[in-house]
Each structure stands twice: as structure tokens, then as C-alpha cells.
Amino acid sequence: MGELAASQREHLEKTLRELAEGARARLPEIAKGNRDGALLAMARLLEEAWPEVLKANQEDLKEAEEAGLSRAKLDRLALKDKDLRSLAEGLRQIAALPDPLGRIEGLSKRPNGLRVGRMRIPLGLIGFIYEARPGATVEAVSVALKAGNAMLLRGGKEAFRSNQALVSLWHRALGEAGLPVEAVSLVPTTEREAILAMCRLELLDLLIPRGGEELIRLVQREARVPVLAHAKGVNHLYVDERADLDMALRLAINGKTQRPAVCNALEAVLVHERVAEVFLPMLERAMRERGVELRACPKALPLLKEAVPAQEEEWDWEYLDLILRVKVVSGLEDALVHIARYGSRHTEAICTEDPKAAWRFLEEADASLVLWNASTRFNDGFQLGLGAEIGISTSKLHAYGPMGPMELTTTKWVALGEGQERE
Ligand SMILES: NC(=O)C1=CN([C@@H]2O[C@H](COP(=O)(O)OP(=O)(O)OC[C@H]3O[C@@H](n4cnc5c(N)ncnc54)[C@H](OP(=O)(O)O)[C@@H]3O)[C@@H](O)[C@H]2O)C=CC1
Ligand SMILES: N[C@@H](CCC(=O)OP(=O)(O)O)C(=O)O
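Residues numbered from 1 in each chain as written. Chains lettered and ligands numbered in written order. Predicted model: local features only at pLDDT ≥ 70, side-chain atom pairs only at ≥ 80, totals over all residues. Heavy atoms only, no water.

A. Broad picture of the site of ligand 2. Arg76, Glu131, Arg133, Arg210, Ala261, Val262, Cys263, Asn264, Arg377, Asp380, Glu389 and Ile392 make up every residue found near ligand 2. One nitrogen or oxygen atom from the side chain of Glu131 is found 2.5 Å from an oxygen atom belonging to ligand 2. Here Glu389 contributes a side-chain N or O atom positioned 2.7 Å from a nitrogen atom of ligand 2. Protein coverage of the free-state accessible area of ligand 2, which is 370 Å², stands at 87%. (Near = heavy atom within 4 Å. Polar contact = N/O pair within 3.5 Å; in protein donor to acceptor, adjacent residues only side chain to side chain. Areas by Shrake-Rupley, 256 points an atom, 1.4 Å probe, with all protein chains shown as cover.)

Shown next as C-alpha cells:
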């Protein structure tokens, strides 16, 4: 970063300021307009114009392959026909959700007769910096728009053409629904300098950085507006001494292999020492059949045939690949200490038939979703019933976990009087 000449930087900052000013000026229209109409139009346009989107995506993929992008990143960059179905269905489902805006919640009467409550309103203009995953350009905007927000988007550079194609479809959808196109803008360059410029853009109401550690650290350091981090997932499954081991095995397989490149995939299994001798060979067999490499602690290694030693520095790594760490722990306490030290507050799961152990885990493991006898892959807005998500917040204020339309709103106080004066 910092490679741009001063005049180019000024031009970039001016462009972003103009986009932000344009969006801010139209916020009331966006909140009052036919937002569901825009979502439904986008679903239809995606179906009609899918070949155009795929063409742009093929160009992105070709360039990314030539640049040697990792398998995990190529997987997230590639759009497939099944994505069209799920994106269009997602848009229609969000359109069908109740409008989160306008209601007055918790209306109550004060002793002086004043009726007070909270009205739900959009956050405003949201800056979203995210990975090279074009599906997010549809999902995140749909969630933000449902809640009456405008968005300034800066997706991963490898997805630039795909994002241009999708944002131009958003503009058509907004136009069809009579909403201003300023509701959705794409930063018109792949220069990383734009990320710094977004951090300094005080016209934003919120910045959401979704990505790896470097991005999150940069935005948290530089931003001049509130930040909701959507950070990496160093997710664990703790297999308790009272776990149903067949269930634990299924949860480990699902967490690691169902979609290894996503942030809610499983990265490490912590196994109680009393069940390690039985469970670890089962785990190794199943993982070997699925091409998963095991990296193990010194206590686990003798119980495994092909695992390699896990290096000290890798206990907080997120592989996003077919690699799984394994550690033998002395019990629940030890597992919780390990998670507190190496986890990333994303997703933590316990497998046990002991409700007391489960409750202690649910209360003490600090993560945006804690699960008992279920796969870490459930940390997803759709799976948790939000309709869709912009991502999974690993910040605690004001939302922790998947953020759906409701999480992209706030409230203001409303007071309904009959001429009351304060004494
Ligand atoms: N919590 C959540 O909801 C989610 C979290 N994630 C996490 O995202 C990560 C995977 O995505 P990946 O593509 O690897 O993420 P990256 O962090 O590499 O990229 C994400 C975005 O950050 C930018 N970026 C990366 N590093 C820097 C830097 N040093 N300075 C400025 N900008 C930077 C990228 O820009 P550029 O395009 O220029 O490279 C891109 O726009 C994983 O850690 C995953 O867990 C993913 C999805 C959801
Ligand atoms: N929503 C996802 C998880 C979060 C996500 O978007 O992850 P990623 O595919 O890494 O961008 C899912 O489980 O389907």
C-alpha cells in the first residue's frame, strides 16, 4: 500500500467521497422505497443475465489461476450454476421476511402519560470490505438493502469483474423498483489504497471488514467510524469423555470436509485423554479416506499412524483446507483454556452426553456461536434462521455472530405526548 502518487490518491479519495455523499443523500428514499421489489427484481435479473455473470467470473478465474491463487480461494471465487439457484432463492426468501423497519418496539407509558418506545431504523451507509467471493456481493447487499441501508463495496481484487457484473445487475434491479442506484456502489479500483481511503471516510456509518487477520488489524487501526470485524474462524470441536464417539466422528467429518474453505469450517479437534485411545484411530481412518492431513500434539502422535507433529506456532492457524489439528486434553477445563488462548471467537463446539459439561462449555467458551452436539458449519445466517447474512461478526458490539437484516438496524427513541412538560 502507499504506492499511489499523491494526485492519484486525491482522485481516489474524491471518488469515494462523491459515492458516499451520493448514497447518503438518498438514504431516506432507500428506507421508504420498495426494497423488497428490488430484491425480487435482482432474483429475476440474476436468472436472466446469469451467462453474463458467468462470463465475467470465468475471466476472473482465468486470471486468478494464472496468478497461482490457492485452491481455497479459487473455490470461493468460482460461481457455479448451483450458486445461481441458492442466490436467487436467498433473495426471494429475504424479500418475504417481515420488514425490520418502522415498528415501534416496547411502547410503554410513563407516569406522566408520555408514551415512549424504540423505532427500528437503518444504520445508514455501510462500507463493506470482503474477500474475492462474488456470491457475497449478492447476499450482503440483499441483507443491507432489506434493512434500508446503502452499501459501498470493496470486494477482493480477484473478483473485480464478477463484482462489476453483479453491481450493474443491482443497479438495474434498483431502477426497476424505483430506488436510487446510489444505494449500491462498487469501489472502482482494485488498488488496496482504496481500503485505507474507506477507513478514513467519515461519511460511512459503519465499516465491516470481512477477511483475514491483516485486513482486520488494518481496519481496526485506521478506521474513523465504528468497525464490526468479521474475522477468521479458528474453530474447535471438544470431544468429551462422555461423548457419543460415533456422533463426534460425524461432527468432525462434517466440520472439516463439507466445505473446508469457509470461515465456519473445523480447524482443530480437542480429545479428552480418557477417550483418545479409541477415538483417535477412528478419526484418522475417516480423515485418511477423505484426504485430510492430521497434525497432532505429542500426546496424540503415538495413537496415530500418519499424523505429523503440529508446530507450536500453528495452533491458532486457520487452514481453510483439508488439514486438521488434533490435541489430547486432560478434560473440559484444559479444553476451555486452549480455546481461550488459540480460538478466534468465531465458533466452538462440544460433543458430550453430559449436560453439566455441555452447559459449562456453552457458558464459558467465548465465541459468536457455541454448539452442543452439532457441527461448527451451522454458524451461518441462513442456518440460524436469519434468512441470510452479511457475514459473521466476531466483534461483540453491537452484534456477535451471523448478521442478518435485523443486525443491520438500530433503534431511536420515540416519545408520543399530549403536551407534557418536564417539571
Ligand atoms: N467472519 C466471517 O463472516 C467471515 C470470515 N472470513 C475470513 O476471511 C478469510 C478468507 O478470505 P481471504 O480472501 O483469505 O481474506 P483476505 O483477508 O486475504 O482478503 C479479504 C479482503 O481483505 C483485503 N486485504 C487482505 N489483506 C490486506 C492488507 N494487508 N491490507 C489491506 N487489505 C487487505 C483483500 O484485498 P485484496 O483483494 O487486495 O487482496 C480483500 O479485499 C478467512 O480468514 C475467513 O475465515 C471469510 C468469510 C466470512
Ligand atoms: N455463510 C457461510 C459461512 C460464512 C462465509 O461466508 O464464509 P466464506 O465462504 O469463507 O466467505 C456458510 O457457511 O455458508
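There's plenty left to go through after this.
B. A look at the side chain of Glu284. One can find Glu284 in helix α11 (residues 273–289). One buried charged residue, Glu284, forms no salt bridge at all, with the nearest opposite charge on Arg288 at 4.0 Å. At 2.7 Å, the side chain of Glu284 forms a polar contact with the backbone nitrogen of Lys305. The residues contacting Glu284, other than those within four sequence positions of it, are Leu294, Leu304, Lys305, Glu306 and Ala307. (Helix = DSSP H or I, 4+ residues; strand = E, 2+ residues; numbered from the N terminus. Buried < 20%, exposed > 50% of the residue type's maximum accessible area, 1.4 Å probe, protein only. Lys, Arg positive; Asp, Glu negative; His and termini not counted. Salt bridge = Lys/Arg side-chain N within 4 Å of Asp/Glu carboxyl O. Contact = heavy atoms within 4.5 Å.)

C. Seen up close, the pairing of strand β2 (residues 115–122). Sheet analysis places strand β1 (residues 104–109) next to β2, joined by four bridges and oriented antiparallel. Directly across from Ile104, in β2, lies its bridge partner Met119. Here β1 folds back onto β2, and the loop between the two strands holds five residues, one of which, Gly113, carries a positive phi near 90°. Across eight bridges, β2 lies against strand β16 (residues 409–416) in antiparallel orientation. Each residue of the ladder has a partner; that of Arg120, found in β16, is Thr411. (Pairing = 2+ DSSP bridges.)

The quantities given are spatial measurements derived from coordinates; they are silent on function.
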